[in-house]
Amino acid sequence: MTASREVSDVTDSLTADTVVLPPVVATTVPASLDARSVSAWFGSHQVLSRVSLTMPAGQVTALIGPSGCGKSTFLRTLNRMHELIPAARFGGEVLFEGEDIYDASWRLTDARRRIGMVFQKPNPFPAMSIYDNVVAGLRLTGTRASRREKDELVEESLSRAGLWKEVRDRLRQPGGALSGGQQQRLCIARALAVRPRVLLMDEPCSALDPTSTRRVEETIGELAGQVTVVIVTHNMQQAARVSQQCAFFLAEQGTPGGIVEAGATNDIFNTPQDGRTADYVAGRFG
């Protein structure tokens, strides 16, 4: 996916009707997600078949598996980003605290505000300042906030993303001038600024160096308990480090992707029940 496409996705994922910003001191309560029999198509090509997975509130769930098995597609169905792709179709249910986000009573913008997303490549708005990048979501969602509320929100969001101490003296400098790892944490702060209860992360460290990767992983650990995190990663060690549960996806012999095995991370890595899972986590394929 190109950087321009991802910036477009950011805009599409945040655009909404005018809402009033909750008090900055408000605590965001993590929400559970429950995918039930999720199937997905691009035109006539089916990429997922009847995938079911519970993602507990306040935990980090890692989606693992080889390329082309539907992990990222599944992730994008969880906040209806899949709908942005021409000819994309969806089947099944995604329950947010028991309510189906695909139900007609749910506005598309409500789903994307409550279930935020961080993309594979850091994609801050490069000409915007660090400050304006964080509050961009407020503008795009039509959220009203005073200058004091914005100031407090910027500090809160950057602190939650583990970036405040590094940038607090240069908030008016361009976000594009930050290092790759800092840019990704800025994108996390931008996503957190609209106070999602779930945060989806699509390979957030794949374009980063080891030091930046470690810092983003630390940020994910600090967010655990504050927000539910669902992360796609090809890095087995990363999945083991950051998640409490894992789901192993696989698409065999041209069949649609599905979950082979899901459970506690320690169990998936140490005592997998399926031989294919054991082979994958041991590095024998993928």
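The structure reproduced in this document is the subject of the present report. (Residues numbered from 1 in each chain as written. Predicted model: local features only at pLDDT ≥ 70, side-chain atom pairs only at ≥ 80, totals over all residues. Heavy atoms only, no water.)

Moving on, we get to the overall build of the protein. Across its full length, the protein holds 11 helices and 10 strands. Over its C-alpha trace the protein gives a radius of gyration of 18 Å, about what one expects of a compact globule, namely 19 Å for 286 residues. Dimensions of the protein, computed from C-alpha atoms along their principal axes, come out at roughly 55 × 45 × 35 Å. Looking at the protein residue by residue over its 286 residues, the buried ones come to 53%. Considering only residue pairs separated by 6 or more positions, the protein has 71% of its internal contacts joining residues 24 or more positions apart. Total accessible area computed for the protein in this model is approximately 12,000 Å², and 49% of it derives from carbon and sulfur atoms. The centroid of the 31 positive side-chain charges in the protein is displaced by 4 Å from the centroid of its 31 negative side-chain charges. (Helix = DSSP H or I, 4+ residues; strand = E, 2+ residues; numbered from the N terminus. Rg over C-alpha atoms; globule rule 2.2 N^0.38 Å. Buried < 20%, exposed > 50% of the residue type's maximum accessible area, 1.4 Å probe, protein only. Contact = heavy atoms within 4.5 Å. Areas by Shrake-Rupley, 256 points an atom, 1.4 Å probe, with all protein chains shown as cover. Lys, Arg positive; Asp, Glu negative; His and termini not counted. Charge placed at Lys NZ, Arg CZ, Asp CG, Glu CD.)

What follows covers the nonpolar core. Within the largest apolar cluster, 43 residues are counted, with the highest numbers of intra-cluster contacts made by Ile-64, Leu-158, Leu-171, Ile-188, Leu-199, Met-201 and Ile-220. Excluding its chain neighbours within four sequence positions, the residues that come into contact with Leu-158 are Ile-130, Val-134, Leu-163, Trp-164, Val-167, Leu-171, Leu-186 and Ala-189. Counting residues in each nonpolar core, the second largest holds 31 residues, with Leu-33, Val-51, Tyr-102 and Trp-106 among its members. (Core = buried A, V, L, I, M, F, W, Y, C linked by side-chain atoms within 4.5 Å.)

Attention now goes to the environment of Val-60. Mapped onto the elements, Val-60 comes out in strand S3 (residues 60-64). Linking Val-60 and Val-242, residues 182 residues apart in sequence, is a C-alpha distance of 6.9 Å.

Further remarks concern the pairing of strand S1 (residues 33-42). Counted residue by residue, S1 has 7 buried out of 10 residues, so it is predominantly covered. Count of turn residues in the S1/strand S2 (residues 45-55) antiparallel hairpin: 2 residues, of which Gly-43 carries a positive phi of about 65 degrees. Here 8 bridges tie S1 to strand S4 (residues 88-96), and the two strands are oriented antiparallel to one another. Bridged to Ser-39 within S4 is Gly-91. (Pairing = 2+ DSSP bridges.)

This brings us to helix H7 (residues 180-192). For H7, with 13 residues, the first-to-last C-alpha span of 18 Å sits near the 18 Å given by 1.5 Å per residue. Extensive coverage of H7 is indicated by the burial of 12 of its 13 residues. Within H7, burial applies to Gly-181, Gln-182, Gln-183, Gln-184, Arg-185, Leu-186, Cys-187, Ile-188, Ala-189, Arg-190, Ala-191 and Leu-192. (Expected span 1.5 Å × (residues − 1).)

The final tally for this structure, using the stated rule, is 17 salt bridges. Note that Arg-36 is salt-bridged to Asp-34, the shortest N-O span being 3.1 Å. Linking Glu-222 and Arg-215 is a salt bridge whose minimum nitrogen-to-oxygen distance equals 3.9 Å. You can call Glu-222 partly exposed: its relative accessible area is 39%. (Salt bridge = Lys/Arg side-chain N within 4 Å of Asp/Glu carboxyl O.)

Further remarks concern the side chain of Asp-100. Its place among the elements puts Asp-100 in strand S5 (residues 99-100). Of the side chains bearing the opposite charge, Arg-80 lies closest to the buried Asp-100, which forms no salt bridge; the N-O distance is 7.7 Å. Here Tyr-102 takes part through its backbone nitrogen, which lies 3.1 Å from a polar atom of the side chain of Asp-100. (Polar contact = N/O pair within 3.5 Å; in protein donor to acceptor, adjacent residues only side chain to side chain.)

Next up on the list: the state of the cysteines. Overall, the coordinates contain 0 disulfides when judged by the stated rule. In this structure Cys-187 is not part of a disulfide, and its nearest cysteine sulfur, from Cys-205, lies 12 Å away. Among the residues examined, Cys-187 registers a relative accessible area of 4% and is labelled buried. Residue class for Cys-205 comes out buried when judged on its relative accessible area of 8%. (Disulfide = S-S within 2.5 Å.)

Bringing the packing of aromatic side chains into the picture now. Per the counting criterion, the structure on display carries 5 aromatic pairs. Ring plane angle 5 degrees and centroid distance 3.7 Å describe the contact between Phe-90 and Tyr-102, whose orientation is recorded as stacked. Of this pair, Phe-90 sits in strand S4 while Tyr-102 sits in the loop between S5 and helix H3 (108-114), and the two are 12 residues apart along the sequence. An aromatic cluster is present here, built from Phe-248, Tyr-280 and Phe-285 joined pairwise through their rings. Residue placement shows Arg-80 over the ring face of Tyr-102; its charged tip is 5.3 Å from the ring centre. Between Arg-172 and the ring centre of Tyr-131, over which it is positioned, the NZ or CZ distance is 4.1 Å. (Phe/Tyr/Trp six-rings, centres within 6.5 Å; stacked < 30°, edge-to-face > 60°. Lys NZ or Arg CZ within 6 Å of the ring centre and 35° of its normal.)

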